[in-house]
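What the coordinates show
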Amino acid sequence: MTHCATDMPANPWTTYAVEIVDVEPEILGVATYSLRLTDPSVRSRYRCEPGRFNMLYLPGVGEAAISVSGYTPEWECWLHTVRTAGAVTQSLAALGAGGKLALRGPFGTAWPLQRMLGRDVVFVAGGIGLAPLRPAIEWAIAQRAKLGRLTLLLGARSPKTILYARQLEQWRSRGLHIEVTVDRSDPGWLGRIGVVTLLVDRLRPLDTGNTTLLTCGPDVMMRYTARSALERGMAAENIWVSLERNMQCAVGFCGHCQLGPAFICKDGPVLRYDRMAPFFAAEDL
Ligand SMILES: Cc1cc2nc3c(=O)[nH]c(=O)nc-3n(C[C@H](O)[C@H](O)[C@H](O)COP(=O)(O)OP(=O)(O)OC[C@H]3O[C@@H](n4cnc5c(N)ncnc54)[C@H](O)[C@@H]3O)c2cc1C
């Protein structure tokens, strides 16, 4: 487990007021919310390492677990990329810029960034699974000199659902090798068609002993990604997954997100694959 340094109060029920400074539409039904903590003293102390998440709280509606998808220093905002699904995320979408809500957090485990130093790194994302990976990718690009080859394999349902499409070009120009595949093409799509796990199969020779793979997306995608990487000779201990489960308390009390021996909210969401592989096929409780 990765423990994260923060000097925030230990009480996990404390909520902090936040303001929506900006809403950036991404793809249909998905937007990135720039959230600024209202209290300057909380703002200066709050840290959220890549991979961790907050519980976004809409008073009178409820809470939803949402991963941090970035940070903008100029606005002092923590970014959350959200798909509108049910009550909480619909209410969030209705608020718009200037809206007020609250958050609890940060919670959960982070991507193993320090363990990536000196190694090749392959990021494998499916759909909105790119959001929790984005801060880890940006960290890796910023630390480029201390890492080996960096690769992003990205799968989307169709070209119109490729998340952060403009940012992909910036990442390419900064040395990230990117391959994108879609399940269904549109007229004009000249890229690959097929599931993202095929990109893992076809990846240029892997330095298997010196590669770390981070993956986030639907469970079935992560399972097949891990299987492909294992068949390519990677060790399970170098494969990290980020799991989503029905989550309510976020601190391991309520048991909603228990999966095998782990509570995804506090032992995850980022977990080493060898730890979770036997339980991976289980559905939500
Ligand atoms: C650790 C963690 C990190 C997460 N990070 C993110 C994130 O970065 N961005 C994000 O958008 N979501 C993220 N989620 C998922 C998010 O917490 C759920 O979508 C949440 O249920 C939304 O709350 P709601 O009240 O709007 O919808 P709910 O009322 O809980 O759900 C309404 C209906 O939509 C369905 N549903 C829920 N989620 C989805 C979905 N993603 N796609 C399609 N149908 C869905 C549910 O099954 C339910 O039937 C994360 C979840 C976890 C556990």
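Whatever comes next refers back to the structure up there.
Residues numbered from 1 in each chain as written. Predicted model: local features only at pLDDT ≥ 70, side-chain atom pairs only at ≥ 80, totals over all residues. Heavy atoms only, no water.

Moving on: the sheet that holds strand β1 (residues 16–27). Sheet architecture is open: seven strands sit in the order β4-β3-β7-β1-β2-β6-β5, paired in antiparallel fashion. Lying at the two open borders of the sheet, with one neighbouring strand each, are β4 (62–67) and β5 (70–72). The mean inter-strand angle of the sheet, taken between neighbouring strand axes irrespective of direction, is 40 degrees. Bridge count for β1 against strand β2 (residues 30–37) is eight bridges, and the pairing is antiparallel. Looking at β2, one finds that E19 is bridged to R36. Contacting β2, β4, β5 and β6 (77–83), helix α3 (residues 130–142) crosses the sheet at an angle of about 150 degrees to β6. (Pairing = 2+ DSSP bridges. Helix = DSSP H or I, 4+ residues; strand = E, 2+ residues; numbered from the N terminus. Axes fitted to C-alpha atoms, helices over the stretch in contact; angles between N-to-C directions. Contact = heavy atoms within 4.5 Å.)

Considering all chains together, one arrives at three aromatic pairs under this definition. With 5.2 Å between their ring centres and 75 degrees between their planes, Y46 and W78 make a pair best called edge-to-face. A residue pair is termed long-range when its members are at least 10 positions apart, and Y46 in the loop between α1 (40–45) and β3 (53–58) and W78 in strand β6 qualify at 32 residues. Assessed through its relative accessible area of 0%, Y46 is described here as buried. Seen from their ring centres, F53 and F107 are 5.9 Å apart, and the 45 degrees between their planes marks the pair as tilted. Note that F53 is positioned in strand β3 and F107 in strand β7 (residues 100–107), a separation of 54 residues in sequence. Note on F53: relative accessible area 3%, which makes it buried. (Phe/Tyr/Trp six-rings, centres within 6.5 Å; stacked < 30°, edge-to-face > 60°. Buried < 20%, exposed > 50% of the residue type's maximum accessible area, 1.4 Å probe, protein only.)

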